Amino acid sequence: MASSNYSLKVNRDLLDPNFESYRLSLDATPTYNVELDAAVEEVKLKDTQYTLEHMRAFGMYNYLHLDPWYEDSVLFVDCKGRVLGLSVTLDTALGKPREVYRMAPDSSPCEDRLCASLSLTSATWAALSDGTGRLYLLRTGKRGDGSHAKWEPLFSEDLGEPFTLLHSVSHVQAGVHTVELLLLRIQKDPQETKGSGYSVALEWITVANTKKYEVKKSRVLRGKSVPHYAAVVPQGKGLMVASEKPFAFTHVDGHPVERQQPEPMEVEKTDPIYFWQQTADDITVCVRTPEGVTKEEVQFRLSVDNIAIGVQGFPPLLEGQMYASVDPEASAWIIKDDKSLEVTLQKRSEGPMWPELVMGDRRGECVMSDEQAALIHERLTHLTSEDMVNLGSHQYLFTVDVNPSEMPCLCLRHDVDALVWQPRPDQPGNMWEHIATFNALGYVQASKRDKKFATCAPNFSYATLCECLRRAFIYRQPSPVETVLFNRKQGRQVGEVAKQQVASLDSDKPILGFRATNERLYVLTSSNLFVLKVNNN
């Protein structure tokens with residue numbers, strides 16, 4: 001049970017440094033309304049569920065589920081315990097959501113009940129949690145044929161405390177049908193005496209059909225924060241987790257995992273090889289060199305994204321991909337005091353501060369000016385624990401299923417943009433692949449104080465986010481313009497424009513679910529399902 005850390009390598013070909021802004025479009029978005037026969041019950045947090053982790057895990061849960069195997073098919077669970085599905089082919093002839101499964105009513109009330117959660121395991125299987133601690137495995141048959149045949153339960157078991165389903169995958173191992181499931185709980189932790197008193201538990205269970213479906217293996221991991229991303233690797237070969245704080249295996253099949261304590265060892269503290277300082281416009285780097293070095297012995301290479309500094313006859317002093325781009329023509333270096341090299345780098349994008357100089361290099365030290373230190377201290381004193389989520393250089397934005405045969409994708413903020421990353425567990429050298437970019441979305445979403453959900457179309461034609469009530473924002477990828485437009489500031493013709501649209505729903509009830517397909521946007525409230533036609537075929 002080993003864990004590894006991997007760096008994110010940006011594909012510069014997918015970035016657009018010339019992107020200007022989104023243009024507000026007044027084009028109406030056709031919106032269709034389906035009234036529900038029974039309400040979708042929003043499970044409110046109890047007084048005992050007071051922590052930030054409870055809010056992240058349960059208070060912001062998406063009640064609407066998109067079927068990645070069948071286009072424009074969504075599902076949800078209503079207050080009667082019915083799993084309802086709606087498949088859309090013609091927007092002007094929307095039918096009522098049809099019941100595909102009904103859970104048995106609770107025989108005894110559960111004080112800590114959570115909302116029901118659904119995970120579509122494969123094209124013919126699904127997993128369901130009733131919110132009280134019971135797990136169902138359901139054989140659905142082919143769901144996208146419009147028949148809405150009733151689902152058949154082949155496994156039902158009480159797994160203890162209530163949980164939500166995060167992810168599930170199905171595979172055949174040695175001729176045996178096997179389902180891997182990942183559950184999330186927030187539990188009282190007696191060892192957590194200094195913090196909230198709770199810890200986050202991920203339980204990875206394997207259910208297999210030998211003579212009947214039963215739990216074959218259970219592993220529990222614990223951490224201090226709700227993961228932004230957690231999914232099972234195909235074939236059940238492992239887990240991939242993105243979290244602010246680390247997770248560690250604590251139990252396997254109910255037995256504690258013994259942690260080997262490493263022997264104490266003395267670590268010699270080494271002095272930094274280089275120091276660097278930055279402003280909004282430029283970066284100054286001072287690299288220690290052997291005394292008496294001459295300019296002929298200095299080996300210096302600089303491109304837009306990479307830097308290499310060395311001295312003839314010695315290993316490279318600094319080498320690798322920089323955090324962001326620089327202007328090589330406006331950069332320079334000089335030798336100072338016969339024992340150091342001073343390099344001035346001109347940033348190509350003014351303003352954003354770099355968290356590191358060369359990605360993954362820990363041999364240098366960033367030196368802040370007194371003004372910078374005072375400013376950071378002032379900002380930190382006003383931060384709440386919720387604000388701390390956004391302090392990382394790569395803020396989490398959303399998770400989206402792009403291809404059902406692969407793992408879910410992760411969208412992170414990179415500078416002002418939003419970058420979509422596809423996990424590639426079978427490629428150790430490129431474990432996270434940058435596959436799409438939404439220009440300036442990282443900056444735009446930060447301005448939406450009432451934002452609740454965010455997602456994108458599987459073909460990346462648009463990204464979208466919604467507020468807690470009524471409004472949804474749609475951000476389209478740049479597309480060619482039909483008329484001639486000129487940028488008055490730069491005096492050049494504009495060939496493409498990225499449009500922004502705002503849709504306002506005819507509802508005063510909170511948005512509980514939010515999903516996007518290539519053509520449509522689905523918005524769920526307690527009494528209505530709205531279908532917005534975003535793209536045509």
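Scoring rules and cut-offs
- Per chain, residue numbering runs from 1 following the sequence as it is written.
- Local features in this predicted model are restricted to residues of pLDDT 70 or higher, and side-chain atom pairs are both shown and tallied only at a pLDDT of 80 or more, whereas totals for entire chains, interfaces and linings draw on every residue.
- For the side-chain quantities, the full set of heavy atoms in the structure was used; hydrogens and water were omitted.
- Starting at the N terminus, helices and strands are each numbered in turn, a helix being any DSSP run of H or I of at least four residues and a strand any DSSP run of E of at least two.
- Working definition: with a 1.4 Å probe on protein chains only, accessible area under 20% of the residue-type maximum means buried, over 50% means exposed, and in between means partly exposed.
- We call two residues in contact whenever any of their non-hydrogen atoms come within 4.5 Å of each other.
- Exposure above 30% relative accessible area and no salt bridge define the residues that can form patches, which grow by joining like charges within 9 Å and nonpolar side chains of Val, Leu, Ile, Met, Phe, Trp and Tyr within 5 Å.
- Exposure was quantified through the Shrake-Rupley algorithm and a 1.4 Å probe, taking into account, for residues, occlusion by the shown protein chains and nothing else.
- Here, a salt bridge means any side-chain nitrogen of Lys or Arg that lies within 4 Å of a carboxyl oxygen of Asp or Glu.
- Relevant arc is that of directions from the helix axis to the C-beta atoms, nothing else.
- Stacked, edge-to-face and tilted labels apply to pairs of Phe, Tyr and Trp rings (six-membered ring for Trp) whose centres lie within 6.5 Å, assigned for plane angles under 30 degrees, over 60, and everything in between, in that order.
- Placement of a charge over a ring requires the Lys NZ or Arg CZ to be within 6 Å of the ring centre, with the centre-to-atom vector within 35 degrees of the ring normal.
- In protein, a polar contact means a hydrogen-donor-capable atom and an acceptor-capable atom, both N or O and within 3.5 Å, with residues adjacent in sequence counting only if both atoms are side-chain atoms; elsewhere, any N or O pair within 3.5 Å suffices.
- Residues are called lining when one of their atoms sits within 4 Å of a cavity or pocket point, these points coming from a 1 Å grid over the protein atoms alone, where a cavity is a set in which a 1.4 Å probe fits but cannot get out and a pocket is an open set with protein on both sides within 12 Å along at least five of seven lines.
- Grid points are joined across faces, edges and corners, and a volume is the space filled by probe spheres set on the points.
- Here the nonpolar group is Ala, Val, Leu, Ile, Met, Phe, Trp, Tyr, Cys and Pro; Asp, Glu, Lys and Arg are the charged ones; every other residue, Gly included, is treated as polar.
- When DSSP finds two or more bridges between two strands, those strands count as paired.
- Orientation is described by lines fitted to C-alpha atoms, with helices fitted over the stretch in contact, and by angles between N-to-C directions that extend from 0 to 180 degrees.

K.L.:
Please clarify how the overall build of the protein chain should be interpreted in this entry.
P.N.:
Within the protein chain, the regular secondary structure consists of 3 helices and 38 strands. Residues counted as buried form 45% of the 537 residues belonging to the protein chain. The long-range fraction of contacts in the protein chain, counting pairs at least 24 apart against all pairs at least 6 apart in sequence, stands at 55%.

K.L.:
How should I be thinking about a nonpolar patch on the surface in this particular structure?
P.N.:
Among the surface-exposed residues, Leu 24, Leu 26 and Val 502 lie close enough to one another that they form a single nonpolar patch of about 340 Å² accessible area. Relative to the helices and strands, Leu 26 resides in the loop between β1 (22-24) and β2 (31-35). Residue classification places Leu 26 among the exposed positions, given a relative accessible area of 79%.

K.L.:
In this structure, what is going on with helix α1 (residues 52-59)? I would like to understand it.
P.N.:
Every α-helix carries 3.6 residues per turn, so stepping three or four residues along brings you back to the same face. Here α1 has its buried residues at Glu 53, His 54, Ala 57 and Phe 58. Along the axis of α1, the buried residues cluster in a sector spanning 100°; they form a single face. Among the structural elements, β11 (164-173), β12 (176-188) and β13 (198-209) are those in contact with the buried residues of α1.

K.L.:
Hey, could you run me through unusual backbone geometry in this one?
P.N.:
Glycine aside, a negative phi is what most residues show, and trans is what most peptide bonds show. For Gln 235, which is not a glycine, the phi torsion comes out positive at approximately 65°. Along the chain, Gln 235 turns up in the loop between β15 (229-232) and β16 (239-242). A positive phi angle is found at Asp 253, which is not glycine, with a value near 50°. Among the residues examined, Asp 253 registers a relative accessible area of 37% and is labelled partly exposed.

K.L.:
How do you make sense of the packing of aromatic side chains when you look at a structure like this?
P.N.:
Two aromatic rings, taken as a pair, are described by how far apart their centres are and by the angle between their planes. Scanning the model with the defined rule gives 9 aromatic pairs in all. Taking 5.2 Å as the distance between ring centres and 65° as the angle between the ring planes, the aromatic pair formed by Phe 19 and Tyr 22 counts as edge-to-face. Judged by relative accessible area, which is 14%, Tyr 22 ranks as buried. A centroid spacing of 5.9 Å and a plane angle of 70° characterise the contact between Tyr 229 and Trp 432, whose relative ring orientation is edge-to-face. Here Tyr 229 is found in strand β15, whereas its partner Trp 432 is found in strand β30 (residues 432-438), with 203 residues between them in sequence. Looking at Tyr 229, the relative accessible area reads 2%, which means it is buried. Here the guanidinium or amino end of Arg 219 rests over the ring plane of Trp 204, the centre of that ring lying 3.8 Å away.

K.L.:
What is the right way to look at the pattern of salt bridges in this model?
P.N.:
When the charged atoms of two side chains with opposite charge come close together, those side chains can pair. With the rule as written, the count across this model stands at 28 salt bridges. With its nearest N and O atoms 3.3 Å apart, the salt bridge here joins Lys 533 to Asp 91. Of the two residues, Lys 533 sits in strand β38 (residues 528-533) while Asp 91 sits in the loop between β5 (82-87) and β6 (98-102), which places them 442 residues apart along the sequence. Salt bridges here are not isolated pairs; linked through shared partners, they connect Asp 72, Asp 91, Glu 519, Arg 520 and Lys 533.

K.L.:
What am I meant to see in the environment of Glu 406 here?
P.N.:
Mapped onto the fold, Glu 406 is located in the loop between β27 (396-400) and β28 (409-414). Ignoring sequence-local partners within four residues, the contact set of Glu 406 consists of Gln 422 and Arg 424. At a separation of 2.7 Å, a polar atom in the side chain of Glu 406 contacts the side chain of Arg 424.

K.L.:
Just to check I follow, could you spell out empty space enclosed by the protein for this structure?
P.N.:
If you roll a probe as big as a water molecule over the atoms, it shows you where there is empty space left. Within this structure, the stated rule accounts for 3 cavities of 30 Å³ or more. Roughly 50 Å³ of volume is contained in the second largest cavity. Secondary-structure elements contributing two or more residues to the lining of the second largest cavity are β27, α3 (441-446), β31 (451-456) and β32 (462-467). Its residues assigned to classes, the lining of the second largest cavity shows 6 nonpolar, 3 polar and 1 charged.

K.L.:
Hey, could you run me through the sheet that holds strand β36 (residues 513-516) in this one?
P.N.:
Whenever strands of a sheet pair, they do so through backbone hydrogen bonds, lying parallel or antiparallel. Overall, antiparallel pairing links the 4 strands, which are arranged β2-β38-β37-β36 in an open sheet. Each having just a single partner strand, β2 and β36 make up the two edges of the open sheet. When the angles between neighbouring strand axes are averaged without regard to direction, this sheet yields 15°. Examined bridge by bridge, β2 and β38 share 5 bridges and lie antiparallel to one another. Bridge pairing in β38 places Asn 33 opposite Phe 530.

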